[in-house]
Amino acid sequence: MQRITTKRIFFVTGERGCGKSTFLAALIQKFNLQPSGFITKREASPEGAVYMHQVVAGTARYRYTTGNKVGICPQQKPVGFAPVFDTFGVMCLKQAEEVILSSIGGEHSDADCDAASLSPALPVILMDELGFMEAEAELFFRAVCTLFSNRHYYILGAVKPHGTRFLPVLEQMPEAIIYRLTLQNRTELYERLEQAQNFTSFLDAIGAE
């Protein structure tokens, strides 16, 4: 009998402006999740500076320094700062793990990932978003892939639909769901979210499609 793979990774992808981050925020609010990880935001300026902000237990810590400025996105070709991804980005991911481990007493069950759903706070890591600016950030790429392969964590995020190293990795993972969000199917996805009783049932429903 074929084993049914537990879905524990959910990423939305799609063109700019389709509402990827907005949906993730709605999902987090709906199920009262408290993820740790990071969010990236582009500032409204001629340079289009892009900052990575750390998220700890559901709260974003907004900073605007060279230490967390991961790139610029002018009208020409975007430019990523690989050393910042490899330092600040990796730090965000490591601290996300530390927060999760401290919240569950530093011990993992030998059972599969769905056993973690019995915990008051699901072990959720947020990656919003993964894109092409990180192309040369090897340490960051490895840190992300290591978390992908850790069956004790749920992972939420957004990923660029083109030119990224991360999407092909996710597409090869049976425990990952990649939802290609468009303006046309966005209403349907929100309806599925509204119908779900909890986060794991939402993943099961979307994963079964």
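This section reports on the structure supplied with the text. (Residues numbered from 1 in each chain as written. Predicted model: local features only at pLDDT ≥ 70, side-chain atom pairs only at ≥ 80, totals over all residues. Heavy atoms only, no water.)

### Some details on the overall build of the protein
Phase 1: Of the regular secondary structure elements, the protein holds six helices and nine strands.
Phase 2: Looking at the protein as a whole, 47% of its 209 residues qualify as buried.
Phase 3: Long-range pairs, those at least 24 residues apart, make up 66% of the contacts in the protein with a sequence separation of at least 6.
Phase 4: Carbon and sulfur atoms make up 52% of the accessible area of the protein, which totals about 10,900 Å². (Helix = DSSP H or I, 4+ residues; strand = E, 2+ residues; numbered from the N terminus. Buried < 20%, exposed > 50% of the residue type's maximum accessible area, 1.4 Å probe, protein only. Contact = heavy atoms within 4.5 Å. Areas by Shrake-Rupley, 256 points an atom, 1.4 Å probe, with all protein chains shown as cover.)

### What to know about the nonpolar core
Phase 1: Counting residues in hydrophobic clusters, the biggest one holds 35 residues, and the most contacted among them are Met 127, Leu 130, Phe 140 and Phe 148.
Phase 2: Among the secondary structure elements, those contributing two or more residues to this core are β1 (9–13), β3 (49–56), α2 (82–103), β7 (124–130), α3 (138–148), β8 (154–159) and α4 (166–171).
Phase 3: When near neighbours in sequence (up to four residues on either side) are disregarded, Met 127 contacts Phe 11, Phe 38, Leu 93, Val 144, Leu 147, Phe 148, Ile 155, Leu 156, Gly 157 and Ala 158.
Phase 4: By size, the runner-up hydrophobic cluster in this structure holds 27 residues, among which are Val 12, Cys 18, Leu 156 and Tyr 179. (Core = buried A, V, L, I, M, F, W, Y, C linked by side-chain atoms within 4.5 Å.)

### Details of the environment of Gly 71
Phase 1: With respect to the element layout, Gly 71 can be found in strand β5 (residues 69–72).
Phase 2: Judged by relative accessible area, which is 0%, Gly 71 ranks as buried.
Phase 3: Measuring from C-alpha to C-alpha, the distance between Gly 71 and Ala 82 comes to 8.4 Å, with eleven residues separating the pair along the chain.
Phase 4: If sequence neighbours within four positions are ignored, Gly 71 has contacts with Gly 48, Ala 49, Val 50, Val 79, Gly 80, Phe 81 and Met 133.

### Here's the deal with the pattern of salt bridges
Phase 1: Within this structure, the stated rule accounts for six salt bridges.
Phase 2: With its nearest N and O atoms 3.2 Å apart, the salt bridge here joins Arg 165 to Glu 138. Of this pair, Arg 165 sits in the loop between β8 and α4 while Glu 138 sits in helix α3, and the two are 27 residues apart along the sequence.
Phase 3: Accessibility expressed as a relative area gives 29% for Arg 165, which makes it partly exposed.
Phase 4: Classification of Glu 138 as partly exposed rests on a relative accessible area of 32%. (Salt bridge = Lys/Arg side-chain N within 4 Å of Asp/Glu carboxyl O.)

### What about unusual backbone geometry?
Excluding glycine, residues mostly have negative phi values, and the peptide bonds linking residues are mostly trans.
Phase 1: Note the cis peptide between Asp 128 and Glu 129, where omega equals 10°.
Phase 2: Turning to its location among the elements, Glu 129 is positioned in strand β7.
Phase 3: Although it is not a glycine, Asn 32 sits at a positive phi angle of roughly 55°.
Phase 4: Tracing the backbone shows Asn 32 in the loop between α1 (20–30) and β2 (36–42).
Phase 5: The backbone of Ala 57 shows a phi angle near 50°, a positive value even though the residue is not glycine.
Phase 6: Structurally, Ala 57 is set in the loop between β3 and β4 (59–61).

### Observations concerning the layout of surface pockets
Phase 1: Taken as a whole, the largest pocket holds about 750 Å³ of empty space.
Phase 2: In terms of lining, the largest pocket is formed by 27 residues, of which the most central are Arg 16, Thr 40, Arg 42, Glu 129 and Lys 160.
Phase 3: Looking at side-chain class alone, the lining of the largest pocket contains ten nonpolar, eight polar and nine charged residues.
Phase 4: If you add up the space inside the second largest pocket, you get close to 250 Å³.
Phase 5: Taken together, 15 residues form the lining of the second largest pocket, with Ala 25, Ile 28, Ile 39, Val 55 and Leu 126 sitting closest to its centre.
Phase 6: Sorting the residues of the lining of the second largest pocket by element identifies α1, β2, β4 and β7 as the ones contributing at least two each.
Phase 7: Top element by residues in the lining of the second largest pocket is α1. It accounts for four residues. (1 Å grid on protein atoms, 1.4 Å probe; cavity = no way out; pocket = protein on both sides within 12 Å on 5 of 7 lines; lining within 4 Å. Points joined across faces, edges and corners; volume = space filled by probe spheres on them. Nonpolar A, V, L, I, M, F, W, Y, C, P; charged D, E, K, R; others polar.)

### Considering the packing of aromatic side chains
Phase 1: By the definition in use, this model includes 13 aromatic pairs.
Phase 2: Ring geometry for Tyr 51 and Tyr 64: centres 5.1 Å apart, planes at 75°, overall edge-to-face. Linking Tyr 51 in strand β3 with Tyr 64 in the loop between β4 and β5, this pair joins segments that are 13 residues apart in sequence.
Phase 3: The partly exposed category is assigned to Tyr 64, whose relative accessible area is 47%.
Phase 4: Summarising the aromatic geometry, the rings of Phe 141 and Phe 166 are spaced 5.4 Å apart at their centres and angled 50° between planes, so their arrangement reads as tilted. Note that Phe 141 is positioned in helix α3 and Phe 166 in helix α4, a separation of 25 residues in sequence. As far as burial versus exposure is concerned, Phe 141 and Phe 166 are alike and both buried.
Phase 5: Clustering of aromatic rings is evident, with ring pairs tying together Phe 10, Phe 23, Phe 31, Tyr 154, Tyr 190, Phe 199 and Phe 202.
Phase 6: The ring of Phe 141 is capped by Arg 165, whose NZ or CZ atom sits 3.8 Å from the centre of that ring. (Phe/Tyr/Trp six-rings, centres within 6.5 Å; stacked < 30°, edge-to-face > 60°. Lys NZ or Arg CZ within 6 Å of the ring centre and 35° of its normal.)

Coordinates in, geometry out; function isn't part of it.
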